[in-house]
Each structure stands twice: as C-alpha cells, then as structure tokens.
Amino acid sequence: VFLDLRGFTAFAETSEPELSGAAQLTWMNRLEDEQDNLRGALEWSARDAIGSGLRLAAGLGEFWFNRDRFGEGTAHLLGLLSQPGAAGRTLERAKALNVAGGLLAWTLADYETARKLVEEALDIGRQLRDALTIGRAKLALGIIALGDDEWAQARRNLEESLEIGRELGDHWAVA
C-alpha cells in the first residue's frame, strides 16, 4: 500500500498545476476515474502516513473545488490535519492548511475556521521563510476578508499576495 500511496500522491501533485491549464478537463476526468482509489489512499494515510496524506489531500484541493466536493475535501483535510503526526511545522502542513482554509472552508462560508487555518499556514510560512506559502496564505486571507466584508484588510492581503506572486513568477496568484 505504501507504494500505491506514493504513486497516488505523485499523481495528485502532478495533476495539481494541470487543473488550471489547457488540459484541465482531461486531468479532472483522470482524477474522477481514480476517486475510489484516492479515497482509499487518503483513509490509509490517516492511519499510517500523515505527511503523504497531507500532500495527497492538498494536491486534490482544486479538484474538489471544481467538482463541488467542498465537504468531502474539507473533511479529508481537517481529518488529516487533526492527527497527532500532522502537528509539525512543515510545508506539507502549511499547504494543507492553505487549501483547507483558503479553498474549501472559505467556499463553505465558514470564515472563522478558514481564517484560523490560513493564519496558521502563514505563521509556518514565515517561520520556514517560504515565500510561496506566505503569498498563498495572503491571497487566501484576502479572499476570506472579502467574504467577511473587511475591505481594507482584503486589499492589504491581496496587494501583498500580488507582490509576492510577481516576485515568484506565480501566474496563478497574480491572476
């Protein structure tokens, strides 16, 4: 199962950038075809391989978002993030927090939970000095603030995210 988990994690991470590109539909359909296997890998990882599970779940965030599976995605991410093995201050945890808060909890209009998750991701990004994590967290916090009608806070966060995105050449964040 470990080799399968590694393969499914690589599959999800490979598909992630493709989900916003020209081959989006092809990759969405590939992920759809593998949903039962991906769910099995996520369940197994929650027991025995938290780091890989966080990477797998974060890689599926855009898929869950585009396929209106916010509840399923949020449940997997929050389940994995709550495991004792997921408590470390790692980039895997930060990315999963950003996806859980910025993409899924925000879409479910749970702004309080979304903000809490993304603020933790931002803190980890700052501690690890990871500009991509910081930029994505600032983007998510800006969007969350928009949903909460906090216009000034939204603008500050979105402008910071834009600046970081430009510095990194992160076209998705800039757009």
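Think of each chain on its own: its residues are numbered from 1, step by step along the sequence as written. pLDDT decides what is reported in this predicted model: residues at 70 or higher carry local features, side-chain atom pairs at 80 or more are listed and counted, and totals for whole chains, interfaces and linings draw on all residues regardless. With hydrogens and water stripped out, all remaining heavy atoms of the structure feed into the side-chain values.

Before we go on, may I ask you to explain the packing of helix H4 (residues 50-59) against helix H7 (residues 91-105) in this structure?
Working note: a packed helix pair is described by the angle between its axes plus the distance between those axes. To define axes, lines are fitted to C-alpha atoms, for helices over the stretch in contact only, and angles between the resulting N-to-C directions are given on a 0 to 180 degree scale. Going along the chain from the N terminus, every DSSP run of H or I of four or more residues is numbered as a helix, and every run of E of two or more is numbered as a strand. It is the contact of H4 with H7, at a shortest axis distance of 9 Å, that shows an interaxial angle of 35 degrees. In this structure, H4 crosses over H7, and the sense of that crossing is left-handed. Between H4 and H7, the residues in contact are Gly51, Leu54, Arg55 and Ala58 and Glu92, Arg93, Lys95, Ala96 and Val99, respectively. Looking at side-chain class alone, the contact of H4 with H7 contains four nonpolar, one polar and four charged residues. We call a crossing left-handed when the near helix sits turned anticlockwise from the far one by less than a right angle, and right-handed when that turn is clockwise. Contact between two residues is taken to exist if any of their heavy atoms lie within 4.5 Å; hydrogens are not considered. Amino acid classes used here: Ala, Val, Leu, Ile, Met, Phe, Trp, Tyr, Cys and Pro are nonpolar; Asp, Glu, Lys and Arg are charged; the rest, including Gly, are polar.

Explain the environment of Arg136 to me, please; I cannot follow it from the model alone.
Along the chain, the position of Arg136 falls in helix H9 (residues 131-147). Relative accessibility thresholds used throughout: buried, under 20% of the residue-type maximum; exposed, over 50%; partly exposed, between the two (1.4 Å probe, protein chains only). What makes Arg136 partly exposed here is its relative accessible area of 28%. Put simply, Arg136 and Gly102 are 34 residues apart on the chain and 8.5 Å apart in space, counted from C-alpha to C-alpha. For Arg136, the residues in contact, after removing those within four places along its chain, are Asn98, Asp170, Trp172 and Ala173.

What exactly am I supposed to notice about the pattern of salt bridges here?
Side chains that carry opposite charge are capable of pairing whenever their charged atoms lie near each other. When a carboxyl oxygen of Asp or Glu is within 4 Å of a side-chain nitrogen of Lys or Arg, the pair counts as a salt bridge. This structure, assessed with the given rule, holds 13 salt bridges. The shortest N-O distance in the salt bridge between Glu150 and Arg115 comes to 3.4 Å. Separated by 35 residues along the polypeptide, Glu150 in the loop between H9 and helix H10 (151-168) and Arg115 in helix H8 (residues 111-128) bring together distant segments of the chain. A residue is classified by how much of its surface remains accessible, and Glu150, at 33% relative accessible area, is partly exposed.

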